[in-house]
Amino acid sequence: MSLPTTLPAAHRQFIQHALEVLRLDPRIVGLAGAGSLLTGEMDEFSDVDLLIVTEPDQHAALMSERGTLAARLGSLLASFSGEHVGEPRLLICLYDAPLLHVDLKIVALGDVHQRVEDPAVLWERDGRVTAALQHGEAHYPQPDPTWIEDRFWIWVHYGAGKIGRGELFEAIDFLSFIRSAVLGPLALRRAGARPQGVRRIETRDPVFAAALAATVPRYDALDCLRALQACIALYRELREERPPGAAEAAAVAYVEGIRARLPEQGATA
């Protein structure tokens, strides 16, 4: 595959150098691109997402040497592995000259068919990566409306309680969680986009993004409660039509009860 013409110069330079280096390692079967490289939306602020495909019997060795491998690709400033996102095969890197965020995922050839998107094969030996991708289909995890509904009103009660107690930093973090775990994915799915938190929601659904701004509060108890109520309204707009259940009614009543008490505590609790 030829690199997209829209690719920024720094990103193009890094990928071309990586191709030159990785081709010389016989343990590596191919290199593929992922993320925004697939959609042609990569800009100067984008990460570089690369999939390094290894011979099956060499995967463990390359994983143990991944820091050294990453250093061969450029001026590596720092790196750490991706256990925090459930992906230990991922090495998250920061390179210098130019300053660039690069995600390197090291995958054995036999596992490359298990994927959330179809990567763009940039280079491969004897068509082996392309052949491996013929097995299985890409499936990006979709929000599960039932899973969300089973939790949402418990989360609402939790957030309202934090506001009532005056734990406003906790409440602000909670509201961010609701945006990234519930509102953003549901809205992006509705817009036909990848339901990845609130990524690019300003361009995928600008009308909803404008409404979502109401869920961002000031450091103020009353405003946090207003933002929580905005979350409830947007969730009701996004979810499947259903009559309010007992948990919903109780959680909403609890929010209203907290609101009635706040003037006595003062706006900042």
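Scroll up to find the structure.
Procedures and definitions
- Residues numbered from 1 in each chain as written.
- Predicted model: local features only at pLDDT ≥ 70, side-chain atom pairs only at ≥ 80, totals over all residues.
- Heavy atoms only, no water.
- Salt bridge = Lys/Arg side-chain N within 4 Å of Asp/Glu carboxyl O.
- Helix = DSSP H or I, 4+ residues; strand = E, 2+ residues; numbered from the N terminus.
- Buried < 20%, exposed > 50% of the residue type's maximum accessible area, 1.4 Å probe, protein only.
- Expected span 1.5 Å × (residues − 1).
- Arc of directions from axis to C-beta.
- Contact = heavy atoms within 4.5 Å.
- Axes fitted to C-alpha atoms, helices over the stretch in contact; angles between N-to-C directions.
- Parallel < 35°, antiparallel > 145°, perpendicular 65-115°, else oblique.
- Left-handed = near helix turned anticlockwise from the far one by under 90°.
- Nonpolar A, V, L, I, M, F, W, Y, C, P; charged D, E, K, R; others polar.

1. Examining the pattern of salt bridges
Alright, step 1. Per the counting criterion, the structure on display carries 19 salt bridges.
Alright, step 2. The closest approach of N and O atoms between Arg72 and Asp25, which form a salt bridge, is 3.6 Å. Taken as a pair, Arg72 in the loop between helix 3 (66–71) and strand 3 (75–82) and Asp25 in the loop between helix 1 (9–22) and strand 1 (28–34) lie far apart in primary sequence, 47 residues in all.
Alright, step 3. Assessed through its relative accessible area of 36%, Arg72 is described here as partly exposed.
Alright, step 4. Residue Asp25 is classed as buried on the basis of its relative accessible area of 6%.
Alright, step 5. Glu248 is paired through a salt bridge with Arg239; the nearest N and O atoms lie 3.0 Å apart.
Alright, step 6. Overlapping salt bridges, with partners in common, bring together Asp25, Arg27, Glu65 and Arg72 in one network.

2. So, helix 1
Alright, step 1. Over its 14 residues, helix 1 runs 20 Å from end to end, which matches the ideal 20 Å to within 8%, given 1.5 Å per residue.
Alright, step 2. When helix 1 is considered as a whole, its buried residues turn out to be His11, Phe14, Ile15, Ala18, Leu19, Val21 and Leu22. Along the axis of helix 1, the buried positions cluster into a sector of 165 degrees, meaning they face one direction only. When the buried face of helix 1 is taken as reference, the exposed residues oriented beyond 90 degrees from it are Ala9 and Glu20.
Alright, step 3. Residues of helix 1 that are buried in the fold lie against strand 1, strand 2 (48–54), helix 3, strand 4 (87–96), strand 5 (100–108) and strand 6 (120–124).

3. So, the packing of helix 6 (residues 168–190) against helix 9 (residues 221–238)
Alright, step 1. Packing of helix 6 against helix 9 leaves a shortest axis separation of 10 Å and a crossing angle of 20 degrees. Comparing their axes, helix 9 and helix 6 come out roughly parallel. Here the hand of the crossing between helix 6 and helix 9 comes out left-handed. Residues Leu168, Ala171, Ile172, Phe174, Leu175, Ile178, Val182, Leu183, Leu186, Ala187 and Arg190 of helix 6 form the contact with helix 9, whose participating residues are Ala221, Cys224, Ala227, Leu228, Cys231, Leu234, Tyr235, Glu237 and Leu238.
Alright, step 2. In terms of residue class, the contact of helix 6 with helix 9 is made up of 18 nonpolar, no polar and two charged.

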